[in-house]
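Each chain, written out:
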Amino acid sequence: MDALVFFINSGCCQCSNDPRIYRCAAGDLAMAKATTTITQVLTSRPEQAAWFAANQVLSNRVCAFYFAIIHAHVKILDLSNKEALTALEKLTHTTKSHPAPIMPLEEVAENIPAMFRRAALNAALGSARSFFSHLQKWQKRKEKAEAKGMKVHERPPVPPRTWNTSAVLYAGMCKHRSEKSIVIKVWTGTCWSWIKVRITGRKLPPEASLGSPQLIGKGSQWGLHTPIEKHFKSPGKIEKQVTTNAQMKMCAVDLNINEHIAVCTIQTVEGSILATKFIGGGRRLCGFRKKLLGRIAHNRKKTGMLAENEQDNANLWNKMRHVDEQVAHLISVRIVQFAQAYDATVLVFEHLGNLKPTQGKYSKRGNEKRAYWMKGRIFKYAKYKAYKAGMLTSRVPPRNTSRECAHCQSLVARYHANQPAEGSRYGAPLVYCAQCAMKGNADRNASLVIGQRLATRYQQKGKPQTPRREEKSSGVAICQDAQSGGTQPSTGDARHADTNEHGTAQERGMMMVEPVSDIAHQLRFPCEL
Ligand SMILES: [Zn+2]
């Protein structure tokens, strides 16, 4: 692997993207929205940090006050957010026309700015809606169990005992925002004052539509989290894309725990294979983890016992976690970039199977566990990154994806390069199909099978399978990898598998002649023939 940088990000994660992405429900013409949170650091003087803390304490008190009111008047939750806001303000806010509200907010603090009050009120309303919906669900479960004569052991949800809300700065609570500074209104503990703070860290993208920033504290460090929204045309349901457009491109991804962490192939619904990309680095990452796990085991051996409720070797564990996190981000972004380069509109993964615990040393077991967790993270990150690029993500059943032939669906043999092509060795890098004499890279074969599964899920509903044509190699191999100006280099292993049949070059524009390979048969979809 060439450019996987081991960059340990010890501060706040620059990629703290908000997974709150949603899609409009109405058809193709609907617009979709993706939200990302940009994290910036506020460089504040120590006394300013104390003011921010005081501001948050007040915000929490106001939240708790409103939550208590909603708790006493549950009917409020039947109203819409806007109506509930008005009702709660009538109950608590003193105005000329309402000089004596029933529960005055002045009891908590005086002169609270309207926008500060509304931010806290909305937070309390959100918490209350969540709490009562959980309570309702619990009651239903309880009734159901009691109707069956079973005992209920599950405890009911409890309202929040403590509050830790971060003050949202609505318009009116902040002003003069520039690249380097912002002026915000905070409660200093004694009065309300406007203060100017410097901003460092990631820049906001130009022309982004900004949401209200939030003042968030982490230890003694304070940061500004700004949601930015991106609106784009909704990509439409996968089923519709697959059934209506045979030329629709999808990027199928096989995630592994060995050297090639991800193997991606671009294929069309009708079956053409356009490109393959191997994303490596697994072995290096495994070595890195092994080193740290070894050190942890060594340190533990020296002390002999572990303190209760205290993380041992915290720095080493943190280091390992940060590297895993960083690598997962790098890999997911490379998957999405690759899919984008070929205008793929759907990413396909397989569902994660259960982690099968293996025998072996502490470091081997720990390593495998982390590699497995990373597969989940890569999927999670690739999903929201793809969505922002207008791509949807899907998952298919994982059964036998690495043992099925992408050409004829019979079981393949897995073997190592210097061994006979028979039997199935777990994790072996090559495949050979005795039925159709297909030979190739096992991970690439798996990713092709994954893509096929998505296509067949919608396409072949009730249709009889087309018989596959057996092909003979003409000796001239044409690389299937569409050239991408050198931006997506495949490894040596990749070339080994990326061969195509003679005669297919005329059908597609993006072909390139490569030296003869030992691959007898290309991997093609039945519907292409
Ligand atoms: Zn086969």
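Before any of the text, the structure's been laid out above.
Computed from a prediction, not measured in an experiment: that's the story for all the values here.

So what's going on with the overall build of the protein chain? Residues and values would help.
On a plain count of helices and strands, the protein chain comes out with nine helices and 18 strands. At a minimum sequence separation of 6, the contacts of the protein chain that also span at least 24 residues come to 66%. When the accessible surface of the protein chain is totalled, it reaches about 27,900 Å², and 54% of it is carbon and sulfur.

So what's going on with the packing of aromatic side chains? Residues and values would help.
Scanning all chains against the criterion turns up 11 aromatic pairs. Between Lys 175 and the ring centre of Trp 194, over which it is positioned, the NZ or CZ distance is 4.1 Å. Here the guanidinium or amino end of Arg 395 rests over the ring plane of Phe 379, the centre of that ring lying 3.9 Å away.

Can you tell me about the coordination of the zinc ion, naming the residues and giving the values?
The protein atoms donating to the zinc ion are Cys 405 (SG), Cys 408 (SG), Cys 433 (SG) and Cys 436 (SG), with metal-donor distances spanning 2.2 Å. What the four donor atoms of the zinc ion show is an angle range of 100 to 115 degrees at the metal, which sorts the shape as tetrahedral. Read in sequence order, the donor residues coordinating the zinc ion give the pattern C-x2-C-x24-C-x2-C. Here Cys 408 is found in the loop between β12 (392-396) and β13 (413-415), whereas its partner Cys 433 is found in the loop between β14 (430-432) and β15 (439-441), with 25 residues between them in sequence. Looking at Cys 433, the relative accessible area reads 0%, which means it is buried.

Explain the pattern of salt bridges to me, and be specific about the residues and the numbers.
Taken as a whole and judged by the stated rule, the model has 10 salt bridges. Lys 33 is the partner of Glu 229 in a salt bridge, and the nearest nitrogen-oxygen pair spans 3.3 Å. In this pair, Glu 229 sits in strand β7 (residues 221-233) while Lys 33 sits in strand β1 (residues 31-43), placing the two residues 196 residues apart along the sequence. A salt bridge links Glu 404 to Arg 453, with the nearest nitrogen and oxygen atoms 3.4 Å apart.

Could you give me a rundown of the nonpolar core, with the residues and numbers involved?
Judged by nonpolar contacts, the single largest core of 45 residues is most densely connected at Leu 42, Phe 52, Val 62, Tyr 66, Leu 88, Ile 184 and Leu 215. Of all the secondary structure elements, the ones that give two or more residues to this core are α1 (46-72), α2 (81-92), α3 (114-147), β3 (181-187), β4 (192-201) and β7. If near-sequence neighbours (up to four positions away) are discounted, Phe 52 is found in contact with Leu 42, Ser 44, Ile 184, Val 186, Ile 195, Val 197, Leu 215 and Trp 222. With 38 residues, the next largest nonpolar core counts Ala 262, Ala 339, Phe 379 and Ala 382 among its residues.

Pulling in residues and values, what's your account of the sheet that holds β13?
Hydrogen bonds between backbone groups are what pair the strands of a sheet, and the pairing can be parallel or antiparallel. Strand order across the open sheet formed by three strands is β13-β14-β15, with antiparallel pairing between neighbours. Edge positions in the sheet fall to β13 and β15, since each of these pairs with one other strand and no more. When the angles between neighbouring strand axes are averaged without regard to direction, this sheet yields 30 degrees. Alignment of β14 against β15, held across three bridges, turns out to be antiparallel.

Help me get a handle on the packing of α1 against α3, residues and values and all.
The geometry of α1 relative to α3 is characterised by a closest axis approach of 8 Å and an angle of 50 degrees between their N-to-C directions. With respect to α3, the element α1 is oriented oblique. Judged by the sense of rotation from one axis to the other, the crossing of α1 with α3 is right-handed. Along the contact surface, α1 presents Asn 55, Leu 58, Ser 59, Val 62, Cys 63, Tyr 66, Phe 67, Ile 70 and His 71, while α3 presents Phe 116, Arg 117, Ala 120, Leu 121, Ala 123, Ala 124, Leu 125, Ser 127, Ala 128, Phe 131 and Phe 132. Here the residues of the contact of α1 with α3 are counted per class, giving 15 nonpolar, four polar and one charged.

Any chance you could break down the pairing of β3 for me, citing the residues and the numbers?
Across the seven residues of β3, six count as buried, placing the element largely inside the fold. Taken together, the two bridges between strand β2 (residues 174-175) and β3 define a ladder with antiparallel strand orientation. Bridge pairing in β3 places Cys 174 opposite Ile 184. Hairpin remark: β2 followed by β3, antiparallel, with five residues in the connecting loop; positive phi at His 176, about 50 degrees. Sheet topology places β3 next to β4; seven bridges connect them, and they run antiparallel. Its bridge partner being in β4, Ser 181 is matched across the sheet by Arg 198. What sits between the antiparallel neighbours β3 and β4 is a turn of four residues, in which Gly 189 has the positive phi angle 110 degrees.

So what about the sheet that holds strand β9 (residues 262-268)? Which residues, and what values?
Across the sheet, five strands lie side by side as β10-β9-β8-β11-β12; this open sheet has mixed pairing. Two strands lie at the open edges of the sheet, namely β10 (273-279) and β12, each paired on one side alone. Strand-to-strand twist of the sheet, defined as the mean angle between neighbouring strand axes without regard to direction, takes the value 20 degrees.

Any details on unusual backbone geometry? Residues and values, ideally.
The backbone of His 176 shows a phi angle near 50 degrees, a positive value even though the residue is not glycine. Unusually for a residue other than glycine, Gln 409 sits at a positive phi of about 65 degrees. Considering the arrangement of structural elements, one finds Gln 409 in the loop between β12 and β13.

Lay out the side chain of Asp 312 with the relevant residues and their values.
Among the secondary structure elements, Asp 312 is positioned in the loop between α5 (282-303) and α6 (314-341). Sequence-distant contacts of Asp 312, that is, excluding residues within four places in its chain, are made with Ile 296, Arg 300, Leu 306 and Trp 317.

How would you explain the packing of α6 against helix α7 (residues 362-388) if you had to name every residue and give the values?
Look at α6 against α7: their axes get within 8 Å of each other, and the N-to-C directions meet at 40 degrees. By the angle between their directions, the pair α6 and α7 is classed as oblique. The interaxial crossing formed by α6 with α7 has right-handed handedness.

Give a description of the environment of Pro 398 that names residues and reports values.
Mapped onto the elements, Pro 398 comes out in the loop between β12 and β13. Separated by 55 residues in sequence, Pro 398 and Arg 453 have C-alpha atoms that sit 9.6 Å apart. Pro 398 has contacts with Glu 350, His 351 and Arg 453, leaving out every residue within four places of it along the chain.

Describe in detail the environment of Arg 377, supporting the description with residues and values.
On the secondary structure map, Arg 377 appears in helix α7. Residue Arg 377 is classed as partly exposed on the basis of its relative accessible area of 21%. Separated by 53 residues in the primary sequence, Arg 377 and Asp 324 have C-alpha atoms spaced 9.2 Å apart. Residues in contact with Arg 377, not counting those within four places in the same chain, are Arg 321, Asp 324, Glu 325 and Ala 328.

Scoring rules and cut-offs
- Residues numbered from 1 in each chain as written.
- Predicted model: local features only at pLDDT ≥ 70, side-chain atom pairs only at ≥ 80, totals over all residues.
- Heavy atoms only, no water.
- Helix = DSSP H or I, 4+ residues; strand = E, 2+ residues; numbered from the N terminus.
- Contact = heavy atoms within 4.5 Å.
- Areas by Shrake-Rupley, 256 points an atom, 1.4 Å probe, with all protein chains shown as cover.
- Phe/Tyr/Trp six-rings, centres within 6.5 Å; stacked < 30°, edge-to-face > 60°.
- Lys NZ or Arg CZ within 6 Å of the ring centre and 35° of its normal.
- Donors = N, O, S within 2.8 Å, 3.2 Å for Na, K, Ca; no water.
- Tetrahedral: all angles 85-135°; square planar, octahedral: opposite > 155°, others 65-115°.
- Buried < 20%, exposed > 50% of the residue type's maximum accessible area, 1.4 Å probe, protein only.
- Salt bridge = Lys/Arg side-chain N within 4 Å of Asp/Glu carboxyl O.
- Core = buried A, V, L, I, M, F, W, Y, C linked by side-chain atoms within 4.5 Å.
- Pairing = 2+ DSSP bridges.
- Axes fitted to C-alpha atoms, helices over the stretch in contact; angles between N-to-C directions.
- Parallel < 35°, antiparallel > 145°, perpendicular 65-115°, else oblique.
- Left-handed = near helix turned anticlockwise from the far one by under 90°.
- Nonpolar A, V, L, I, M, F, W, Y, C, P; charged D, E, K, R; others polar.

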